[in-house]
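# Summary of the model geometry
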Amino acid sequence: MNDWPEGRSDSDRGNRYGGGSANAQPESPRVMRQVRRGPAAPPRGAGVPPQPSYVNGQGYGDYTNAQNTGYDSGYSSGQVYGGGGDSGGPGSFDTRAPRPAPNWRRRIKWTAITVLTVLVVTSVGTYIWADGKLKREVDLSKVIDRPEGGDGTNYLIVGSDSREGLSAEEKKQLHTGSAEGKRTDSMMILHVGSNGDTLVSLPRDSDVEIPTFVGSESGKTYKGTGRHTKLNAAYATDGPELLVRTVEFNTGLRIDHYVEIGFAGFANIVDAVGGVEITIDKGFKDKYSGADFQAGKQTLNGEEALAFVRTRHAFAASDLERTKNQQKFLAALAHEVATPTTVLNPFALYPTMSAGLDSLIVDKDMGLYDLGSMFFAMKGVNGGDGTSLNMPISGSSGGNLVWDKAKVKQLVSELNNDEKVTVTGN
């Protein structure tokens, strides 16, 4: 049925369907009612907007007629029905910008900076803590008439029989006895140089001359009388300073640093590293030191280690055999202390350092670097990178061991010139 009013042109017919010209006149109420017969606008929040009806390719909701009629189909402004913004409901679209990809180069850089800062702070803190624990009690400036220094560095390493810090029960357990004062149970010279490191044991019964010296406490000068005695008597007379003076006078070798450890400290260090593995060639017993060892490879704890290095009555060579065992064990201990499982593990490193630093007595010029150099040199000797020997002996006199003067002179010359040691000892 044709309800188009007479007198209207075909162009006006196009306006009815949204295709009219810009000069078209407003529709009559009847026409407007027909234009509104398009599909009803969907409610807000609906999922998919309905599709418009088309007549001659034109949609009823044409933009122009929508302006004329006041009807907004939602298509003219690009609005999608049911768009809930950020509501996240059905039909909604996330209009937020995508999260940028992580900058891994930046993250790695800042992680590396953080780790490096922590390492530096920890290292500096550890150095300050350890340096403050060193007992710098020996003043080598009190030693007089010293020989000229040579190439390399010479350490005098002393094991004393000090019972300081041991309870009565611990003295009994460690078989140390209760003697007053301090004496030297072992003495060694460690030479650290560019042609291999050398460890020379000085038997405690070595025959030496006590020279003129200045008392470490009194400051008085005591003239030498040419008196000969055992080497360990020098320490008993006036402590570390006179011992250094006596060694230098009788050898001609300048001592650069002094390191001393007592019974308790030695046992504590061994226990702190979890024991030290060593191979004993031949089993032995000694009621004086408490030693009771079978032959073979074994791990010694602090108590056993102390008995091992103190035993001399079980050997025919007595003190000479003991010095060999002392060299062997101290080198093995240094190797254990310097292993990555100790150095890189704070739960092992700090107890070991604490036990060692609490027990060591060093000279006033001794630093942590010097101490570390000493331990790594001893580790090298144990690993075959150096030489170990007893001071060459030519015989005995009155129960004292007499040094071979010719060999001692050659040995000291090789050490002073930092040459490879060719001298052999007993």
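Along each chain, residues carry numbers from 1 onward, in the same order as the chain's sequence is written. This being a predicted model, a pLDDT of at least 70 is required before a residue's local features are given, and a value of 80 or more before pairs of side-chain atoms are given or counted; all residues contribute to the totals for chains, interfaces and linings. Note: side-chain values were computed over all heavy atoms of the structure, leaving out hydrogens and water.

For the chain, the name recorded in an unreviewed UniProt entry is Transcriptional regulator, with Streptomyces asoensis as its organism. The chain has a UniProt comment under Sequence similarities (unreviewed entry) that states "Belongs to the LytR/CpsA/Psr (LCP) family." UniProt positions are given in the numbering used here, feature names are shortened, and annotations may be inferred rather than shown by experiment.

### Quick notes on the pattern of salt bridges
One speaks of a salt bridge when a side-chain nitrogen belonging to Lys or Arg is within 4 Å of a carboxyl oxygen belonging to Asp or Glu. Scanning all chains against the criterion turns up 3 salt bridges. One salt bridge in this structure joins Arg146 and Glu248, with 2.7 Å as the shortest N-O distance. Of this pair, Arg146 sits in the loop between strand E3 (135-138) and strand E4 (153-160) while Glu248 sits in helix H6 (residues 231-251); the two residues are 102 residues apart in sequence, bridging distant segments of the chain. Exposure is judged per residue with a 1.4 Å probe applied to protein chains only, and the accessible area is read against the type maximum: over 50% gives exposed, under 20% gives buried, and values in between give partly exposed. Residue classification places Arg146 among the partly exposed residues on the basis of a relative accessible area of 22%. A relative accessible area of 3% places Glu248 in the buried class. Secondary structure counts use DSSP, requiring at least four H or I residues in a row for a helix and at least two E residues in a row for a strand, with both numbered from the N terminus.

### Overview of the nonpolar core
Where a protein is soluble and globular, its nonpolar side chains tend to be buried together. Grouped together as the largest cluster of nonpolar side chains are 45 residues, with contacts concentrated most on Leu190, Phe266, Phe293, Phe308, Phe329 and Leu333. If sequence neighbours within four positions are ignored, Leu190 has contacts with Thr153, Asn154, Tyr155, Ile157, Thr198, Leu199, Met374, Ala377 and Met378. The criterion is simple. A nonpolar core is a set of buried Ala, Val, Leu, Ile, Met, Phe, Trp, Tyr and Cys residues joined through side-chain atoms within 4.5 Å. Core analysis: the second largest hydrophobic core is formed by 31 residues, Ile255, Ile393, Trp403 and Val421 among them. Should any heavy atoms of two residues lie within 4.5 Å, those residues are counted as being in contact.

### Quick word on unusual backbone geometry
Notably, Asp145 is not glycine yet its phi reads approximately 50°, a positive angle. Relative to the helices and strands, Asp145 resides in the loop between E3 and E4. On the basis of relative accessibility, which here comes to 60%, the residue Asp145 falls in the exposed class. In this model, Asp418 sits at a positive phi of 55°, which is unusual for a non-glycine residue. Mapped onto the secondary structure, Asp418 falls in the segment after helix H13 (405-416). On the basis of relative accessible area, Asp418 is assigned to the buried category, the value being 9%.

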